[in-house]
Amino acid sequence: MMKRIYLFLLFALMAVTAGAQEKKDTLKVLAIGNSFSEDAVEQYLWELGQEAGVEMIIGNAYRGGWSLAGHWNDARNRAADTEYRKVVDGEKTNMGKYTLKGIITDEPWDVITLQQVSQESGQPASYEPGLSLMIGYVTALATDSVRLGFHQTWAYAQDSEHKGFARYNNNQYMMYQSITTAVKLAMQYHKGDLTFYVPSGTAIQNARTSLLATTKTNDNAVNRELTRDGYHLNYTIGRYIVACTWFEVMTGKSVVGMKFRPKGMAQGLATIAQRAAHAAVMAPTTVTPI
């Protein structure tokens with residue numbers, strides 16, 4: 001009888017230990033954003049994590065063209081209008097439309113990021129009060145251990161027809177510098193609340209100094225400086241660069257030398273993309289020629 005009790009307790013302890021180990025090794029990442037977070041986290045990030053031995057559950061609270069103020073209005077009004085995209089075991093699923101509260105409380109997220117809509121991302125005044133309000137909202141709902149961060153988006157292609165480009169005199173580098181300054185100010189203002197940011201915009205700008213900016217991609221899309229339409233990222237190279245950037249920031253591991261790359265992408269191009277991402281993480285506020 002005592003032997004059976006001992007075995008029962010031993011197996012129970014093993015089960016608890018295994019559960020704790022699974023939780024420890026699973027990184028749960030939620031982006032609250034728009035099509036720019038779609039470009040960033042919904043493809044390639046999970047695969048990079050797998051190669052590095054980091055199991056990920058990835059969520060994207062998506063509303064196309066949505067700003068910080070827009071997300072706050074949805075939260076305040078309890079609007080069930082946010083598409084919840086989720087990547088689990090490498091499978092991406094559109095879970096349907098949820099409230100932000102429902103998405104934030106769906107998992108005990110380890111990391112949650114916020115971002116500004118692209119055309120306003122280089123305008124510091126546009127961040128408030130939306131950013132402060134969203135920080136308070138997310139903090140109130142998420143686990144105590146959550147790391148809250150910010151996603152720095154990228155400047156448009158130089159030939160972009162996006163109406164918001166006129167705010168930066170239709171100048172790519174002016175837009176990039178404006179975004180860098182705005183994010184830096186936001187991080188300083190919210191020091192202690194925002195603990196990191198993902199320099200996707202710098203990674204893309206780094207890559208634009210290389211042959212990646214004009215390389216033909218295997219999806220046969222015109223490569224307009226790593227975009228497919230002048231502002232959304234190219235499906236292969238552009239998205240891969242940003243996924244590499246997210247991977248480094250999320251895991252603290254260097255992406256340089258990793259084997260995973262999108263199907264059909266040459267190893268040499270993948271290496272350049274990895275270096276562009278790594279350089280951005282090392283020097284997030286300046287462009288590094290690749």
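What you are looking at is a predicted structure, and each value in this text was computed from that prediction instead of being measured. (Residues numbered from 1 in each chain as written. Predicted model: local features only at pLDDT ≥ 70, side-chain atom pairs only at ≥ 80, totals over all residues. Heavy atoms only, no water.)

K.L.:
Break down the overall build of the chain for me, citing the residues and quoting the values.
P.N.:
Summing up its helical and strand segments, the chain has 10 helices and 7 strands in all. Compactness check: the chain gives a C-alpha radius of gyration of 20 Å against a globular reference of 19 Å for 290 residues, within 12% of the reference. In the chain, of all internal contacts separated by at least 6 residues, the share reaching a separation of at least 24 is 70%. Split by element, the accessible area of the chain, about 13,200 Å² in all, is 55% carbon and sulfur. Counting 28 positive and 26 negative side-chain charges, the chain places the averaged centre of each group 3 Å from the other. (Helix = DSSP H or I, 4+ residues; strand = E, 2+ residues; numbered from the N terminus. Rg over C-alpha atoms; globule rule 2.2 N^0.38 Å. Contact = heavy atoms within 4.5 Å. Areas by Shrake-Rupley, 256 points an atom, 1.4 Å probe, with all protein chains shown as cover. Lys, Arg positive; Asp, Glu negative; His and termini not counted. Charge placed at Lys NZ, Arg CZ, Asp CG, Glu CD.)

K.L.:
Report on the side chain of Gln119, specifying residues and quantitative values.
P.N.:
In this structure, Gln119 sits in the loop between strand E5 (111-114) and helix H6 (130-141). In terms of polar contacts, Gln119 uses its side chain to reach the side chain of Ser118, at 3.4 Å. (Polar contact = N/O pair within 3.5 Å; in protein donor to acceptor, adjacent residues only side chain to side chain.)

K.L.:
How would you summarise the nonpolar core if you had to cite specific residues and measurements?
P.N.:
Ranked by size, the top nonpolar core spans 80 residues in total, and within it Ile32, Ile112, Phe150 and Trp246 carry the most contacts. A total of 10 residues in this core trace back to one element, the largest contributor, which is helix H9 (residues 237-251). For Trp246, the residues in contact, after removing those within four places along its chain, are Val29, Ala31, Ala40, Val41, Leu45, Thr113, His151, Val198 and Ser200. (Core = buried A, V, L, I, M, F, W, Y, C linked by side-chain atoms within 4.5 Å. Buried < 20%, exposed > 50% of the residue type's maximum accessible area, 1.4 Å probe, protein only.)

K.L.:
Now, about the sheet that holds strand E1 (residues 26-33): what can you tell me, with residues and values included?
P.N.:
Taken in spatial order, the 7 strands of this open sheet run E4-E3-E2-E1-E5-E6-E7, and their pairing is mixed. A single partner strand is all that each edge strand has here, and the edge strands are strand E4 (91-98) and strand E7 (196-199). On average, adjacent strands in this sheet sit at an angle of 20° to one another, irrespective of strand direction. When strand E6 (residues 147-152) meets E7, the two strands line up parallel, connected through 4 bridges. Residue His151 lies in a different strand from E7, and its bridge partner there is Val198. Of the strands in this sheet, E1, strand E2 (55-62), strand E3 (82-88), E5 and E6 touch helix H4 (residues 68-77), which is tilted by about 100° from E1. Sheet strands in contact with helix H8 (residues 200-207) are E6 and E7, and its direction is about 25° off that of E7. (Pairing = 2+ DSSP bridges. Axes fitted to C-alpha atoms, helices over the stretch in contact; angles between N-to-C directions.)

K.L.:
Break down the packing of aromatic side chains for me, with residues and values.
P.N.:
Within the structure shown, the criterion is met by 10 aromatic pairs. Centroid distance Tyr127 to Phe150: 5.6 Å. Interplanar angle 25°. Geometry classified as stacked. On the criterion of sequence distance, the pair formed by Tyr127 in the loop between E5 and H6 and Phe150 in strand E6 is long-range, its members being 23 residues apart. For Phe150, a relative accessible area of 1% gives the class buried. Aromatic rings pair up to connect Tyr44, Tyr240 and Phe260 into one cluster. Positioned over the ring face of Trp66 is Arg63, at 3.7 Å from the centre of the ring. Just above the ring of Tyr62 sits the side chain of Arg85; from NZ or CZ to the centre is 3.9 Å. (Phe/Tyr/Trp six-rings, centres within 6.5 Å; stacked < 30°, edge-to-face > 60°. Lys NZ or Arg CZ within 6 Å of the ring centre and 35° of its normal.)

K.L.:
Please give an account of helix H7 (residues 172-189) that cites residues and values.
P.N.:
Note on helix geometry: an α-helix contains 3.6 residues per turn, so any two residues three or four positions apart are oriented the same way. With 18 residues, H7 should reach 26 Å at 1.5 Å per residue; the first-to-last C-alpha distance of 26 Å fits that figure. The set of residues buried in H7 consists of Gln172, Met175, Tyr176, Ser178, Ile179, Thr180, Ala182, Val183, Ala186 and Met187. Those residues of H7 that are buried are in contact with H6, E6, E7 and H8. One side-chain oxygen of the residue at the start of H7 lies 3.0 Å from the amide nitrogen of Tyr173, identifying that residue as Asn171. (Expected span 1.5 Å × (residues − 1).)

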